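If you want the building blocks of each chain, they are given just below.
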Amino acid sequence: VLKTLERTTSFLMTGTLEPRKGQTHALDAFDALWAADQDVTLVIVGKEGWHVEELVERLRNHPERNKRLFWLEGVSDDYLEAIYGKATCLLAASWGEGFGLPLIEAARYDLPILARDLLVFREVAKDHAVYFNTTTAEGLAQAVIDWKISFDGNQLRPV
């Protein structure tokens with residue numbers, strides 16, 4: 001996983017799998033990106049939660065699993081730290097959050113953030129994140145592409 005993160009543009013999501021966390025929306029977007037031959041990687045770190053049976057099935061049987069899609073169900077703090085250090089961007093696609101701890105963790109590693117435009121994310125990350133406001137897979141895929149173009153052009157600064 002770490003070697004893949006070193007050679008690709010990678011987006012990290014952390015947190016228990018559950019509907020409000022947006023992992024399904026992100027996977028739909030990345031499916032569209034991969035279909036368009038975009039060289040991006042999605043890493044989801046988090047244990048299986050509730051009401052995510054279809055998502056878990058997709059993750060376990062996805063054709064990009066362990067290639068451009070990684071689901072890490074249980075990792076040590078040290079390994080998660082290494083992932084934060086190698087990832088290109090934190091993707092915070094949650095539909096609703098109470099705080100947004102992954103944004104704080106990303107800041108610790110100077111990891112850029114692409115986040116859904118939620119009030120709590122704006123309170124936590126302020127202008128240190130790029131925000132998206134879309135409900136479609138295509139819209140999120142475009143937000144990822146736009147972010148990548150800005151990042152590749154050195155127009156984004158770390159947190």
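Residues numbered from 1 in each chain as written. Predicted model: local features only at pLDDT ≥ 70, side-chain atom pairs only at ≥ 80, totals over all residues. Heavy atoms only, no water.

(A) Looking closely at the overall build of the protein. Along its length, the protein carries seven helices and six strands. When the helices and strands of the protein are read in sequence order from the N terminus, they spell out α-β-α-β-α-β-α-β-α-β-α-β-α. Since a compact globule built from 159 residues should have a radius of gyration of about 15 Å, the 14 Å found for the protein is in line with a globular shape. The dimensions of the protein, computed from C-alpha atoms along their principal axes, are 35 × 35 × 35 Å. For the protein, contacts bridging at least 24 residues in sequence account for 69% of all contacts bridging at least 6. About 8000 Å² of surface is accessible on the protein, with carbon and sulfur atoms providing 49% of the total. (Helix = DSSP H or I, 4+ residues; strand = E, 2+ residues; numbered from the N terminus. Rg over C-alpha atoms; globule rule 2.2 N^0.38 Å. Contact = heavy atoms within 4.5 Å. Areas by Shrake-Rupley, 256 points an atom, 1.4 Å probe, with all protein chains shown as cover.)

(B) Molecular detail of the pairing of strand E3 (residues 69–72). The alternating pattern of E3 places Leu69 and Trp71 on one face and Phe70 and Leu72 on the opposite face, and all of these are buried. Note that strand E2 (residues 40–45) and E3 share four bridges and pair parallel. Bridge pairing in E3 places leucine 42 opposite leucine 69. Crossover handedness for the path E2 to helix H3 (residues 53–61) to E3: right-handed. (Buried < 20%, exposed > 50% of the residue type's maximum accessible area, 1.4 Å probe, protein only. Pairing = 2+ DSSP bridges. Right-handed = clockwise from strand over helix to strand, strands pointing away.)

(C) Summary view of the side chain of threonine 9. The residue threonine 9 is located in strand E1 (residues 9–14) in this model. Using a relative accessible area of 11% as the deciding quantity, one classes threonine 9 as buried. Leave out the neighbours within four places in its chain, and threonine 9 touches Asp39, Val40, Thr41, Thr88, Trp147 and Lys148.

(D) Representation of the packing of helix H2 (residues 23–35) against helix H7 (residues 137–152) in the model. Look at H2 against H7: their axes get within 8 Å of each other, and the N-to-C directions meet at 70 degrees. In terms of their interaxial angle, H2 and H7 are classed as roughly perpendicular. Note on packing geometry: the crossing formed by H2 with H7 is right-handed. Listed contacts from H7 to His25, Ala26, Asp28, Ala29, Phe30, Ala32 and Leu33 of H2 are Ala137, Leu140, Ala141, Val144 and Ile145. A breakdown of the residues in the contact of H2 with H7 according to their chemical character gives 10 nonpolar, one polar and one charged. (Axes fitted to C-alpha atoms, helices over the stretch in contact; angles between N-to-C directions. Parallel < 35°, antiparallel > 145°, perpendicular 65-115°, else oblique. Left-handed = near helix turned anticlockwise from the far one by under 90°. Nonpolar A, V, L, I, M, F, W, Y, C, P; charged D, E, K, R; others polar.)

(E) Quick look at a nonpolar patch on the surface. Together, Phe99, Leu101 and Ile104 give the surface a local cluster of nonpolar side chains, amounting to about 280 Å² of exposed area. Turning to its location among the elements, isoleucine 104 is positioned in helix H5 (residues 101–108). (Patch = residues over 30% accessible without salt bridge, like charges linked within 9 Å, V, L, I, M, F, W, Y side chains within 5 Å. Salt bridge = Lys/Arg side-chain N within 4 Å of Asp/Glu carboxyl O.)

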